[in-house]
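# Observations on the three-dimensional arrangement
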Amino acid sequence: MQSYKDIENGVVLSVCSLDCPDQCGLLVHKEDGKIKKISGDPNHPVTKGNICNKVRNMGERIYDSKRIKNPLKRVGKKGEGNFTIISWEEAIETITNHWKNLISEEGAQTILPYSFYGNMGKLAAEGMDRRFFNRLGSSQLDRTICSVAGSTGYRYTMGGSYGTDPEEMTETKLFIFWGINAVSTNMHQVTLAQKAKKSGAKVIVIDVHKNQTGRMADWFIPILPGTDGALALGIMHILYKEKLVDRSFLEEYTIGYEELEDHLEQYQPQMVSDITGVPVEDIYKLARMYGAISPSMIRIGNGLQHHDNGGMSTRTIACLPALTGQWLVKGGGAVKSNSGFLSFNTAALQRPDLKKTKTRTINMNQIGKALLEPDNPIRSLYVYGSNPALVAPEANRVREGLAREDLFTVVHDLFITETAKFADIVLPSTSAFENTDFYTSYWHNYIHLHEPTIAPYGESKSNTAVFRLLAKAMEFDEQTLKDDDEELMKQALNDLSNPYLSDITYEKLKNERYIKASNLTDLLKNLQTPSGKIELYSKVMEEDGYPALPTYIPLVEEQDYPLQFIPGPNHNFLNSTFSNNDKHITLEKAPKIFMNQKDADNRGIEEGTTVRIWNDRGECELVVSVGEQVLPGVVVSQGLWSDMPGKKQLVNALTPDRIADMGGGATFFSGRVNVERMNKDV
């Protein structure tokens with residue numbers, strides 16, 4: 001296989017590393033050893049050469065003049081971002097000496113890793129790092145900021161993250177995009193829907209904001225935030241009442257369908273309309289379309305799960321395809337995530353057996369609270385693949401914690417992020433194009449191998465390389481902390497219990513570069529629920545303290561603030577990635593907040609004015625877009641914008657760090673705010 005060392009000029013096969021379901025096949029075009037252009041791989045069976053602006057302009061990010069080239073040591077006040085260059089030897093020695101002293105004086109639990117999937121490579125995100133911190137005996141991080149609430153809810157119904165194969169969706173006749181701005185976050189799902197439309201398919205979008213995806217729909221249904229579960233229950237009520245359910249499927253492949261029918265009596269359409277803001281006639285129309293059109297497919301997005309009731313809402317929607325028997329129809333069913341089809345040997349990669357003693361676990365959504373906890377405090381934070389000062393909820397508390405002078409913070413990143421400005425040591429990270437790794441999509445069903453396409457930038461090092469250095473300096477002798485990247489991949493892809501990857505080996509992947517999971521049509525034979533069936537009634541949920549049947553549970557009410565605040569994604573950033581790159585900032589233009597005309601009129605707010613958005617957690621100043629894109633009582637922002645002098649645009653200063661109903665998930669979308677006009681226009 002050819003790598004960057006073999007090709008100075010030409011085209012190298014690659015794969016996108018971003019935290020995005022599409023995981024596109026890429027072609028990297030090189031001149032004199034550097035990236036000159038990034039295009040899509042036309043031979044990739046799912047993404048077929050189409051890529052988004054984020055990736056198309058990735059080269060500018062890779063060679064951005066602001067990228068870190070050398071290890072750095074803080075010389076100024078925390079938060080100011082003043083550093084001086086040091087050597088790798090000094091950086092590693094400084095970090096490990098500090099940790100050795102902490103372990104000796106207060107214990108390893110005073111050290112906490114903080115990371116997520118800024119790079120979706122499995123080695124980068126959950127390989128040598130997990131091994132190292134397991135062996136160190138540090139506090140553990142519960143990585144729950146993104147999809148865990150919905151995945152947990154979906155698992156109660158379907159047994160795991162298994163759904164419709166995207167490659168079959170050209171057969172679909174009814175697409176329901178539920179709580180997902182797919183144009184910006186899952187573009188190839190939109191491509192498939194548009195292709196199916198040419199054969200007569202209909203596209204429905206259910207969301208709190210008429211964004212780009214809503215505007216391309218045949219029918220956009222606006223809904224009040226956090227009421228998605230109620231709408232799903234109302235649809236089910238009508239399906240049963242009008243005999244639109246597939247009873248033969250229910251009898252053979254589900255449990256609890258009779259109990260569910262009785263339970264649904266309470267979810268009368270008028271009550272559901274009052275809860276959701278969806279007119280009664282629209283609830284009937286939607287239910288009848290769903291009951292009559294086949295194959296139908298529901299794309300369940302991340303948006304609706306970022307509520308207090310996000311797990312239950314997703315669990316409830318996941319029941320719908322079973323009622324109409326869609327799992328037996330090609331192109332029918334639902335997708336929340338397909339990651340279960342590509343699950344690998346995580347224990348062999350992460351080595352939890354290296355933990356010598358029991359330690360505490362800290363939910364990453366509450367990092368602000370944890371950093372300010374006076375009892376058993378965190379004394380050292382090691383951040384990689386994430387930017388908590390921008391992405392974590394209760395951001396003002398997070399920054400207050402990061403500013404502690406007694407907190408020794410290390411950040412491994414490509415840029416001086418908002419978090420890195422508070423660091424004592426900053427380490428330069430390689431980009432994914434400079435790494436060896438493997439990738440598993442959580443939407444399509446292909447596993448990819450990636451080898452470096454360009455040389456490391458400056459003195460940057462990969463996560464695996466840095467953790468090997470740290471392990472050596474900590475005098476850890478285990479071979480598992482010395483394994484190279486190839487060995488890590490072999491172990492992760494060995495002894496697989498996953499029936500969908502039965503023929504996958506590292507050697508085969510190295511030869512073919514990407515391979516599709518197999519036996520996908522056997523889903524109903526391999527359900528991992530306790531009953532082996534789709535569980536409309538779940539005894540496990542009952543044992544875990546939840547209602548056994550799908551149930552609408554209202555959001556936590558924050559009494560003092562009248563408007564539900566939804567800080568959604570934008571088109572040209574991916575969480576905080578790209579938010580500091582000039583090209584992508586130019587493409588996105590400026591941060592906005594969308595407000596209903598009625599709410600704006602009541603406050604004397606006009607289109608284009610600057611407004612103050614606030615609650616007891618913080619405040620922002622954004623430009624308002626007034627119209628009918630959202631329902632009354634709702635405001636929506638888009639994107640996580642980097643800090644800029646004189647700008648108050650930190651939307652996560654407003655978001656709660658409450659924990660969702662399932663899995664320890666985030667509740668970004670369940671906060672409330674007030675909005676008022678300011679005395680300046682833009």
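Residues numbered from 1 in each chain as written. Predicted model: local features only at pLDDT ≥ 70, side-chain atom pairs only at ≥ 80, totals over all residues. Heavy atoms only, no water.

## Here we look at the overall build of the protein chain
- Regarding its fold elements, the protein chain presents 26 helices and 27 strands.
- Relative to the compact-globule value of 26 Å for 682 residues, the protein chain shows a C-alpha radius of gyration of 25 Å, a close match.
- Taking the contacts inside the protein chain whose residues are at least 6 apart along the sequence as the reference set, 76% of them involve residues at least 24 apart.
- Looking at the protein chain as shown, the accessible area adds up to about 25,200 Å², and 46% of this sits on carbon and sulfur atoms.
- Considering the protein chain, the positive charge centre built from 75 side chains and the negative charge centre built from 87 side chains are found 3 Å apart. (Helix = DSSP H or I, 4+ residues; strand = E, 2+ residues; numbered from the N terminus. Rg over C-alpha atoms; globule rule 2.2 N^0.38 Å. Contact = heavy atoms within 4.5 Å. Areas by Shrake-Rupley, 256 points an atom, 1.4 Å probe, with all protein chains shown as cover. Lys, Arg positive; Asp, Glu negative; His and termini not counted. Charge placed at Lys NZ, Arg CZ, Asp CG, Glu CD.)

## Describing the pattern of salt bridges
- Inspection of every chain in the model, using the stated rule, returns 37 salt bridges.
- Put simply, R74 and E405 hold a salt bridge, and the shortest N to O gap is 3.6 Å. Highlighted residues: R74 in strand β4 (residues 72–74) and E405 in the loop between α20 (395–402) and β16 (408–413), separated in sequence by 331 residues.
- Residues D218 and K197 are paired through a salt bridge, measuring 3.3 Å at the closest nitrogen-oxygen approach. Linking D218 in the loop between α9 (212–216) and β10 (219–222) with K197 in helix α8 (residues 187–197), this pair joins segments that are 21 residues apart in sequence.
- A cluster of three or more residues bridged by salt bridges with shared partners is formed by R612, E619, E621, K648 and E676. (Salt bridge = Lys/Arg side-chain N within 4 Å of Asp/Glu carboxyl O.)

## Digging into the nonpolar core
- The biggest cluster of nonpolar side chains holds 163 residues, and the ones touching the most others in it are W99, F132, W178, L320 and Y382.
- Looking at which element gives the most residues to this core, the answer is helix α10 (residues 228–241), with 9 residues.
- Apart from the residues lying within four places of it in its own chain, the contact partners of F132 are W99, F467, L470, A471, M474, F476 and L481.
- With 20 residues, the next largest nonpolar core counts M169, A196, F220 and Y446 among its residues. (Core = buried A, V, L, I, M, F, W, Y, C linked by side-chain atoms within 4.5 Å. Buried < 20%, exposed > 50% of the residue type's maximum accessible area, 1.4 Å probe, protein only.)

## Some details on helix α21 (residues 463–473)
- Those residues of α21 that fall on the buried side of the exposure criterion are N463, T464, V466, F467, L470 and A471. Down the axis of α21, the smallest arc covering the buried residues is 160°, so these residues share one side.
- Note on α21: the residue one or two positions beyond its end, E475, has a positive phi of about 65°. (Arc of directions from axis to C-beta.)

## A word on the pairing of strand β2 (residues 25–31)
- Taking burial as the measure, the 7 residues of β2 include 5 buried ones, the bulk of the element.
- In terms of strand pairing, β2 meets strand β3 (residues 34–40) through 6 bridges, oriented antiparallel. What sits directly across from K30, in β3, is I35.
- In textbook terms, the turn of a hairpin is the stretch between consecutive antiparallel strands, and for β2 and β3 this stretch comprises 2 residues, one of which, D32, has a positive phi near 55°. (Pairing = 2+ DSSP bridges.)

## Focus on the sheet that holds strand β19 (residues 446–450)
- Strands sit in the order β18-β19-β20 across an open sheet of 3 strands; the sheet is antiparallel. Looking at which strands have only one partner, the edges of the open sheet turn out to be β18 (437–440) and β20 (514–516). Ignoring strand direction, the axes of neighbouring strands in this sheet form an average angle of 15°.
- With 3 bridges joining them, β19 and β20 adopt antiparallel strand pairing. Bridged to I447 within β20 is I515. (Axes fitted to C-alpha atoms, helices over the stretch in contact; angles between N-to-C directions.)

## Some words on the environment of H444
- Position of H444 among the secondary structure elements: in the loop between β18 and β19.
- Owing to a relative accessible area of 1%, H444 belongs among the buried residues under this scheme.
- Apart from the residues within four sequence positions on either side, H444 is in contact with P21, D22, Q23, H44, V46, P166 and L342.
- Among the polar contacts listed, one links the side chain of H444 to the backbone oxygen of D22, at a separation of 2.9 Å.
- A distance of 3.2 Å separates the side chain of H444 from the backbone nitrogen of Y446, its partner in a polar contact. (Polar contact = N/O pair within 3.5 Å; in protein donor to acceptor, adjacent residues only side chain to side chain.)

## What about the packing of aromatic side chains?
- Per the stated rule, a full pass over the model turns up 21 aromatic pairs.
- Ring centres of Y446 and Y514 lie 6.2 Å apart, and the angle between their planes is 80°; on these two criteria the pair is classed as edge-to-face. Placement of the pair is Y446 in strand β19 and Y514 in strand β20, with a sequence separation of 68 residues.
- Taking the relative accessible area as the measure of exposure, Y446 reaches 8% and is therefore buried.
- Taken together through their ring pairs, the aromatic side chains of W99, F132, F133, Y382, Y384, F467 and F476 make up a single cluster.
- Above the ring of Y63, the side-chain terminus of K34 is found at 5.7 Å from the ring centroid.
- Positioned above the aromatic ring of F476, the side-chain terminus of R135 is 4.1 Å from the ring centre. (Phe/Tyr/Trp six-rings, centres within 6.5 Å; stacked < 30°, edge-to-face > 60°. Lys NZ or Arg CZ within 6 Å of the ring centre and 35° of its normal.)

## With respect to the pairing of β19
- Taken across its 5 residues, β19 has 5 buried, putting it largely inside the fold.
- Here β19 shows two buried faces, one formed by Y446, H448 and H450 and the other by I447 and L449.
- The pairing of β18 with β19 spans 4 bridges and is classified as antiparallel. By the bridge assignment for β19, T440 is matched with I447.
- The antiparallel hairpin formed by β18 and β19 contains 5 residues in its connecting segment.

## Side note on the side chain of D485
- By secondary structure assignment, the location of D485 is in helix α22 (residues 485–492).
- Look at D485 and you get buried, because its relative accessible area is 14%.
- Polar side-chain contacts of D485 include one of 2.9 Å to the side chain of T464.
- In this structure, D485 is in contact with L123, T436, T464 and R468, ignoring residues within four places of it in sequence.

## What about the sheet that holds strand β5 (residues 83–85)?
- As summarised here, the arrangement of the 6 strands in space is β5-β4-β17-β16-β15-β6, forming an open sheet in which the pairing is mixed. Every interior strand has two partners, whereas the edge strands, β5 and β6 (111–115), have only one. Mean inter-strand twist for the sheet, computed between neighbouring axes without regard to direction, equals 20°.
- Pairing of strand β15 (residues 380–384) with β16 involves 5 bridges; the strand directions are parallel. Among the inter-strand pairings, Y382 is bridged to a residue of β16, identified as V410.
- Contacting β4, β6, β15, β16 and β17 (425–428), helix α3 (residues 88–105) crosses the sheet at an angle of about 135° to β17.

## Describing the environment of A193
- Position of A193 relative to the elements: it lies in helix α8.
- Sequence separation of A193 and D544 is 351 residues, and the distance between their C-alpha atoms is 37 Å.

## Re the packing of helix α6 (residues 148–158) against helix α15 (residues 310–317)
- Look at α6 against α15: their axes get within 7 Å of each other, and the N-to-C directions meet at 40°. With respect to their mutual orientation, α6 and α15 come out oblique. Crossing angle aside, the handedness with which α6 passes α15 is right-handed. Here α6 contributes A149, G150, G153, Y154, Y156 and T157 to the contact with α15, which in turn contributes G310, G311, T314 and R315.
- Split into classes, the residues belonging to the contact of α6 with α15 amount to 3 nonpolar, 6 polar and 1 charged. (Parallel < 35°, antiparallel > 145°, perpendicular 65-115°, else oblique. Left-handed = near helix turned anticlockwise from the far one by under 90°. Nonpolar A, V, L, I, M, F, W, Y, C, P; charged D, E, K, R; others polar.)

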